[in-house]
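Below, each chain spelled out in residue letters.
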Amino acid sequence: MRNVGIIGVGYTPVFVSKRKDVNIAEMVSEAVDAAYRNTKLTPDDIEAITFGNMQTFEGVNMPHLWAVDHMRALNKPYMRIATGGTTGMSTLHSAYYHVASGLHDVVMAITWEKQSEGDSQVGLSGIVMPEAMVMVQHGMDLFGGKGMGAMGGGSTGAAAYQATSYLHHSGASPEHIDKMAALERSNAALNPYAHLRKKTSVADIQATPFISWPLRFGHTCPTSDGATVVILASEDKVEKLADSVAWINGVGCACSDPATGNFIEGQITDPAEQEPAKLASAKAYAMAGIKDPAKEIDMAEMYNGFAHQSLMWLEKLRLCKEGEAHKMLDAGALNIDGELPTNASGGVFSTNAIGASAMNRPAECALQIMRKIEGGHQIPKKIKNAVSHGWGGMFQYVTVTVLGDEPRHG
Amino acid sequence: MTFEMGEETREVQGMWDISTYNYLVDGAGIKLLVDSMKEKKIRGIKCPQCGTVYVPGPTFCRKCYIDIDDVVEVGETGVVMSYSVEMADVRGNPVDEFRVTAMIKLDGADTWIIGTISGIDWEDAEVGMRVKAFWVDNPMGALTDIDRFEAI
């Protein structure tokens, strides 16, 4: 299998709540053009395209096909990927497979969401509609006092159970969630491509109301409009086409039984267990030749719709021991200039154009490795190995990508 | 960054009164559960191969990938796996009394169900606490036949 590198990244000029000045195709093409501008490539250089966004969120089907010309994808192999919150990284993995297999040399991966044009809650509801209908027929009490409303309340209701379980098993306190939230929002203030860009203190976070204890409004991500595009090239082409590169040295993904959603058949999994994160990262580390991730990984970009998750994933991805992430936070190790800078970008928690969210993680790692970060969140130390992570599905699907400044050997 | 958003483009509103879907579901496990609740019992399905007990029961074991139909009764006591505290209703309005809702693993089951824990201060809720189900007076064969859980 061939080595594959990321040779360029293109973002929309901003990630914001509402891009009222452009439609979907126009907005996504801004990121496509930015990727061409940043790499000095043209559509003629691209052999195939992968494309990802959430199903149903904008109320349109097959956007990749009706926007084919805006994507500069006419007359080329072209496929859409949709795996939920992980869509962005699955779209990257698909492009990686295209190149690593030897079938194509240069491939573009396009990911986006324009949440202001749709209704995310409708998109989320559609995931469990048959099960929810059966439960309602058997007396499920969505609005009443029997405790079932929490699961009907979308992501936050279900994530609250994950947060409580995580806090219990890790020994972290709710104040650590506040602290992680403040750190990431302050990182986002330095990132021109972040959505919520305001230096934020722990007190600011603690002034926001609880939604479902232990999660506050200040612990949750925004809904964003934006797109991210990445260009991948085979090792043979990298030298010819690119002035800088970040190598994709390991990929992994895994799925457990649904930790929420499929209510009509009893669920086993604790939403804080996240076995797939352990499986997917073990696979990606092995492929990249990483033996001790806690020592060898220099930075992390974790998928965190909710602020407690950054800490949880560091443990699941073996970047520290179970129960140690909040101690690293307290010691300053997760800061941009710390030992293991975590979500220097501000994370999904500060910018969430969902289809692009799991792409922004490896894209940010690549830019950090290439030292092409715009804005103030460039990590000062040299990055040799970086790990990025995507999470979604029914709380149980995880993707992991390990990137490096040198291609993997063997 | 010097990006300035352009003028607003034209906006047209689309109403999508989505068609009726007719989902086919195998409701055997949930029917077994609500029927047993009429007798104030909780029944699920056990896998004869790995011993996993599911409530409500699926028609196949998702660990062994084999069809299963052994009906077993599980306890009305259990342990809290995780919990949350509802401080607002689903429409975002503050509630007068905070409500503790929990993922509860019943004794004898390997799966969790959602229930309300009454009779405790929300700050006393804990992962790992033992709870017992209390039934409504006249169970009708519905998921709401379990009125609440209380700490034991």
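Residues numbered from 1 in each chain as written. Chains lettered and ligands numbered in written order. Predicted model: local features only at pLDDT ≥ 70, side-chain atom pairs only at ≥ 80, totals over all residues.

(A) Inspection of the environment of Ile120(B) at higher detail. Residue and element names in this part refer to chain B. Along the chain, Ile120 turns up in the loop between strand S6 (112-118) and strand S7 (130-135). Given 15 C-beta atoms within a 10 Å radius, Ile120 is considered partly exposed. A sequence separation of 20 residues divides Ile120 from Val100, and the C-alpha atoms of the two residues are 8.5 Å apart. Those residues in contact with Ile120 that sit more than four places away from it in its chain are Val100, Ala125 and Ala151. (Helix = DSSP H or I, 4+ residues; strand = E, 2+ residues; numbered from the N terminus. Buried ≥ 20, exposed ≤ 12 C-beta atoms within 10 Å, placed from the backbone. Contact = placed C-beta atoms within 7 Å.)

(B) Structural view of the environment of Trp213(A). Residues and elements named next belong to chain A. Take Trp213: it is sitting in strand S5 (residues 210-213). With 21 C-beta atoms packed within 10 Å, Trp213 lands in the buried category. Taking the C-alpha atoms as reference points, Trp213 and Ala272, 59 residues apart in sequence, are found 15 Å from one another.

(C) Examining the sheet that holds strand S2 (residues 53-54) of chain B more closely. Residues and elements named next belong to chain B. The sheet built from three strands is open, its strands ordered S2-S1-S3 with antiparallel pairing. In this open sheet, the two edge strands, each paired with only one partner strand, are S2 and strand S3 (70-74). Where strand S1 (residues 42-46) meets S3, five bridges bridge the pair, whose relative direction is antiparallel. In the strand pairing of S3, Lys46 is matched with Asp70. (Pairing = 2+ DSSP bridges.)

(D) Just the packing of helix H8 (residues 174-188) of chain A against helix H13 (residues 308-316) of chain A, in detail. All names here are of chain A. It is at 7 Å that the axes of H8 and H13 come closest, and there the two elements cross at 100°. Our classification of the angle between H8 and H13 gives roughly perpendicular. Where H8 abuts H13, its residues His176, Ile177, Met180 and Glu184 lie against His308, Ser310 and Leu311. Classifying every residue of the contact of H8 with H13 by side-chain character gives three nonpolar, three polar and one charged. (Axes fitted to C-alpha atoms, helices over the stretch in contact; angles between N-to-C directions. Parallel < 35°, antiparallel > 145°, perpendicular 65-115°, else oblique. Nonpolar A, V, L, I, M, F, W, Y, C, P; charged D, E, K, R; others polar.)

(E) Structural context of the confidence of the model for chain B. Chain-level pLDDT for chain B is 90 on average; 96% of the residues reach the 70-or-more range. As a predicted assembly, this complex carries a pTM of 0.95 together with an ipTM value of 0.91. (pLDDT = per-residue confidence, 0-100.)

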